[in-house]
Amino acid sequence: MPRFSRGLAAALVLGAVVRWLPLEEWSRRPCVRDECTYRALATNLLRGEGMVGTKGWLWAPGYPAAIAAHAGPFGQINDVKISQILVALLTVALLWRFTRDHFGTRAATIAAFLLALNPTHVFYASSLWSECFYTALLFGTVYALGWARGERPGAAFDPAAPLPHPLRGLLPGLLLGACVLFRGVATYLLPCVAVVLLWQRWRLPGAWKTAGAATLAAVVVVAPYSVYATHKFGGLVVSDRTLGQMMWLGDNDFAPLTFDFGNGPLNDRERDRMTAEGRDHCPHEADPIRQDACEVAAGVAWVKAHPAEFVARIPLRVSQLVNPHSLLTRNLRTGKWKGLPQWVDEVLVVTVVLGSFVVLAGGTVGLFARGRGWFAVAGALIVGYHVAAIACLAGLSRYRVPLEPLWMVYAAGLLAEPRAAWDVLRASRPRGLGALVVGGLLLVLMARFLPSGWRSWSEW
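Residues numbered from 1 in each chain as written. Predicted model: local features only at pLDDT ≥ 70, side-chain atom pairs only at ≥ 80, totals over all residues. Heavy atoms only, no water.

## Quick word on the overall build of the chain
- In terms of helices and strands, the chain carries 21 helices and 0 strands.
- Overall size of the chain, expressed as C-alpha extent along the three principal axes, is 60 × 55 × 50 Å.
- In the chain, which comprises 460 residues, the share counted as buried stands at 55%.
- The long-range fraction of contacts in the chain, counting pairs at least 24 apart against all pairs at least 6 apart in sequence, stands at 78%.
- Taken as a whole, the chain presents about 20100 Å² of accessible surface, with 65% of it coming from carbon and sulfur.
- Distance between charge centres in the chain, computed from 44 positive and 30 negative side chains, equals 8 Å. (Helix = DSSP H or I, 4+ residues; strand = E, 2+ residues; numbered from the N terminus. Buried < 20%, exposed > 50% of the residue type's maximum accessible area, 1.4 Å probe, protein only. Contact = heavy atoms within 4.5 Å. Areas by Shrake-Rupley, 256 points an atom, 1.4 Å probe, with all protein chains shown as cover. Lys, Arg positive; Asp, Glu negative; His and termini not counted. Charge placed at Lys NZ, Arg CZ, Asp CG, Glu CD.)

## Considering a nonpolar patch on the surface
- Together, L433, L436, V437 and V438 make up an exposed nonpolar region whose accessible area comes to about 370 Å².
- Structurally, V438 is set in helix α21 (residues 429-447). (Patch = residues over 30% accessible without salt bridge, like charges linked within 9 Å, V, L, I, M, F, W, Y side chains within 5 Å. Salt bridge = Lys/Arg side-chain N within 4 Å of Asp/Glu carboxyl O.)

## Observations regarding the state of the cysteines
- For the structure shown, the criterion picks out 1 disulfide.
- Disulfide partner of C282: C294, at an S-S distance of 2.0 Å. Its torsion about the S-S bond being -80°, the disulfide of C282 and C294 is classed as left-handed. Here C282, found in the loop between α12 (268-275) and α13 (288-305), pairs with C294, found in helix α13; they are 12 residues apart in sequence, far enough to count as distant.
- In this structure C294 comes out as partly exposed when scored by relative accessible area, which is 27%.
- With no disulfide of its own, C392 lies 14 Å from the sulfur of C192, the closest cysteine sulfur. (Disulfide = S-S within 2.5 Å.)

## A look at the pattern of salt bridges
- Considering all chains together, one arrives at 14 salt bridges under this definition.
- Note that R201 is salt-bridged to E151, the shortest N-O span being 2.9 Å. Taken together, the residues span a long stretch of sequence, with R201 in the loop between α9 (190-198) and α10 (205-233) and E151 in the loop between α7 (131-149) and α8 (170-182) at a distance of 50 residues.
- Residue classification places E151 among the buried residues on the basis of a relative accessible area of 14%.
- Of the charged contacts in the structure, one is a salt bridge between R370 and E417, with a shortest N-O distance of 3.2 Å. Residue R370 is located in helix α17 (residues 342-370), and its partner E417 is located in the loop between α19 (404-416) and α20 (418-427); the two are separated by 47 residues in the primary sequence.
- Linked through salt bridges whose partners overlap, the residues forming this network are D34, E131, R183 and R398.

## Some thoughts on the side chain of R398
- Checked against the element boundaries, R398 lands in the loop between α18 (373-391) and α19.
- Its relative accessible area of 5% is what places R398 among the buried residues.
- Polar contacts involving the side chain of R398 include one to the side chain of E131, which spans 2.8 Å.
- The residues touching R398, leaving out its near neighbours within four places in the chain, are D34, Y38, Y124, W129, S130, E131, R183 and L327. (Polar contact = N/O pair within 3.5 Å; in protein donor to acceptor, adjacent residues only side chain to side chain.)

## With respect to the packing of aromatic side chains
- Tallied over the entire structure, the rule returns 16 aromatic pairs.
- Between the aromatic rings of F103 and Y410, the centroid separation amounts to 5.9 Å while the plane-to-plane angle is 65°, which identifies the pairing as edge-to-face. Here F103 is found in helix α4 (residues 80-103), whereas its partner Y410 is found in helix α19, with 307 residues between them in sequence.
- Residues F133 and F182 carry aromatic rings whose centres are separated by 5.6 Å and whose planes lie at 25° to one another, so their mutual orientation is stacked. A residue pair is termed long-range when its members are at least 10 positions apart, and F133 in helix α7 and F182 in helix α8 qualify at 49 residues. Note on accessibility: F133 and F182 belong to one class, buried.
- One cation-aromatic arrangement involves R33 over F259; the distance from NZ or CZ to the ring centre is 4.1 Å.
- Above the ring of Y134, the side-chain terminus of R183 is found at 4.8 Å from the ring centroid. (Phe/Tyr/Trp six-rings, centres within 6.5 Å; stacked < 30°, edge-to-face > 60°. Lys NZ or Arg CZ within 6 Å of the ring centre and 35° of its normal.)

This is a description of form; function is not addressed.
Structure, rendered in structure tokens:
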């Protein structure tokens, strides 16, 4: 854990307060969409039924198991939210120390406050969504990669320095395995982890041993559930089987479907209207493996029949991912968080937007200005992989949330020393051009759904 810092202490205290208040005030509110499914899956686990398919989806088991583990001893589903607050604070502390090692104490304090007071992250910590746990596990994996390499985040590689013991690779592997059990999309992050461990060390046997240890640890964590689920459902299951459903949402005759406020359906009736002209679901809801395989086949067939449309939709899907609003905006606009004055709703919506632009745009410019070493590679690979996956399927602001701490490190570095960043961008034409092109494209993609959080505006 990091040594004492007044800035970190203040961020932790304020982060705990702003997460506890909504937990106390709105803990009895009705569940919303995936929250209801998580509750149902946890209930099935408590009844001894194990993981089950739900409306054709076979979800990853991590978060339902976490809910059930809390509800079992005390009988309250919402007890998991207490642990989520603690996990969120741990993530703040890890982010502070990681950023301090990269950019110094001033940047570390800024990063800690960016996460501790971010309304979207506060919302997920006090709601029944998997984002809080997955965010901690994903950032913990990146933190552990630096420990396994024996390097500070922004340090230059020293070929003369001895490599740490290869068994250090077990920690990032264990955390990555946990990521897979919480979110199926993490299944294919293992090559990214291996590349980071081998970066600039390709010819060193010790680096390959470290990567092997990480691979082994990830397999050991995931394999027991994979064997159980594969046997139970009669088809290969690593963590989840939801690819087909995602292809139905994004690779269909209707526009890629999302559920953020202003650019997605707010109820089942509106959803049915929007999807009426698309292909029907495969008729195997009682068998999630067969349905997923059928939906994947139908999705692939649609892509082959509409290659130009598939490519043309990529900017839309990425815009859905980097939508500056979040599901907090949806809950505020639809009255799910009752009791707040209207002006508080408006302040929160604006704060969500400002926070998104500071983190995403600031983090992107900061990466080009000061990104170096293995962490720049890790951040680019992990973010790039998630963006590529969404670009092929359907986007939602929720999917971006666990990636934001990676952006926060560089956003904090930029805010702490803007002059130093500017000097680098001016001195290095490739870095300056990259920041201008990628940052400008990001702003355009984010602007697409910027108006959607206000009823008086229409989509651009």
